[in-house]
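# Close look at the chain arrangement
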Amino acid sequence: MHYDYEVDATGLKCPLPILRCKKGLNEIKSDQVLKIIATDPGSKKDFDAFCRQTGHELLSLQDEDGALTFYIKKRRLS
């Protein structure tokens, strides 16, 4: 999947993957895609809730042997 910026949050526990995600989203423009790699199993729920609360779109979640890869589209600013 195409992405515009990547954040590596492997080995980090909650809330650090979400904090890294926020920093990553600040680096891109509206409608661009952020790729985040995490290993904390709780990240699945955390990123789902984060996207629902902030309006960003969780495009995809891939789980390969505990390595979770999220693709998040930054919401368009109104």
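Residues numbered from 1 in each chain as written. Predicted model: local features only at pLDDT ≥ 70, side-chain atom pairs only at ≥ 80, totals over all residues. Heavy atoms only, no water.

### Considerations on the pairing of strand S3 (residues 57-64)
Bridging between S3 and strand S4 (residues 67-73) involves seven bridges; their strand directions are antiparallel. The residue of S4 that forms the bridge with Glu64 is Ala67. Counting the residues that bridge the hairpin from S3 to S4 gives two residues, and of these Asp65 lies at a positive phi of roughly 55°. (Pairing = 2+ DSSP bridges. Helix = DSSP H or I, 4+ residues; strand = E, 2+ residues; numbered from the N terminus.)

### Let's talk about the packing of helix H1 (residues 16-26) against helix H2 (residues 43-54)
Between H1 and H2, the least distance of the axes is 10 Å, while the angle of their chain directions is 40°. With respect to their mutual orientation, H1 and H2 come out oblique. Handedness of the crossing formed by H1 with H2: right-handed. The residues of H2 that touch H1, namely those facing Pro17, Ile18, Cys21, Lys22 and Leu25, are Ser43, Asp46, Phe47 and Phe50. Of the residues that constitute the contact of H1 with H2, the class distribution is six nonpolar, one polar and two charged. (Axes fitted to C-alpha atoms, helices over the stretch in contact; angles between N-to-C directions. Parallel < 35°, antiparallel > 145°, perpendicular 65-115°, else oblique. Left-handed = near helix turned anticlockwise from the far one by under 90°. Contact = heavy atoms within 4.5 Å. Nonpolar A, V, L, I, M, F, W, Y, C, P; charged D, E, K, R; others polar.)

### Observations regarding the side chain of Thr69
Tracing the sequence through the fold places Thr69 in strand S4. Thr69 sits in the buried class, given a relative accessible area of 12%. Ignoring anything within four residues of it in the chain, the contact list for Thr69 reads Lys35, Ile36, Ile37, Ser60, Leu61 and Gln62. (Buried < 20%, exposed > 50% of the residue type's maximum accessible area, 1.4 Å probe, protein only.)

### Describing the sheet that holds strand S1 (residues 5-9)
In space, the four strands of this open sheet follow the order S1-S2-S4-S3, with mixed pairing throughout. The outermost strands of the open sheet, each flanked by one partner alone, are S1 and S3. Geometrically, the sheet is characterised by an average inter-axis angle of 15° between neighbouring strands, direction not taken into account. Strand contacts of H2: strand S2 (33-38), S3 and S4, with the helix running at about 5° to S4, the strand carrying the most contacts.

### Here we look at the pairing of S4
Across the seven residues that make up S4, a large majority, five, are buried. Of the pairings in the sheet, the one linking S2 to S4 comprises six bridges and is antiparallel in character. Looking at S4, one finds that Lys35 is bridged to Tyr71.

### Considerations on the UniProt feature "domain: UPF0033" (unreviewed entry) in the protein chain
Here, UniProt's "domain: UPF0033" (unreviewed entry) annotation points to residues 6-74. When the span residues 6-74 is considered, its composition is 33% helix and 36% strand, and the gap between its end C-alpha atoms is 13 Å. (UniProt positions renumbered as here; feature names shortened; annotations may be inferred.)

### A few points about the pattern of salt bridges
Applying the stated criterion across every chain yields a total of three salt bridges. Measuring nitrogen to oxygen at the nearest pair gives 2.5 Å for the salt bridge that ties Asp31 to Arg76. Within this pair, whereas Asp31 is found in the loop between H1 and S2, its partner Arg76 is found in the segment after S4, the two being separated by 45 residues in sequence. The class of Asp31 is partly exposed, set by a relative accessible area of 31%. With its nearest N and O atoms 3.1 Å apart, the salt bridge here joins Arg52 to Asp48. Of this pair, Arg52 and Asp48 both sit in helix H2, four residues apart, which is roughly one turn of that helix. (Salt bridge = Lys/Arg side-chain N within 4 Å of Asp/Glu carboxyl O.)

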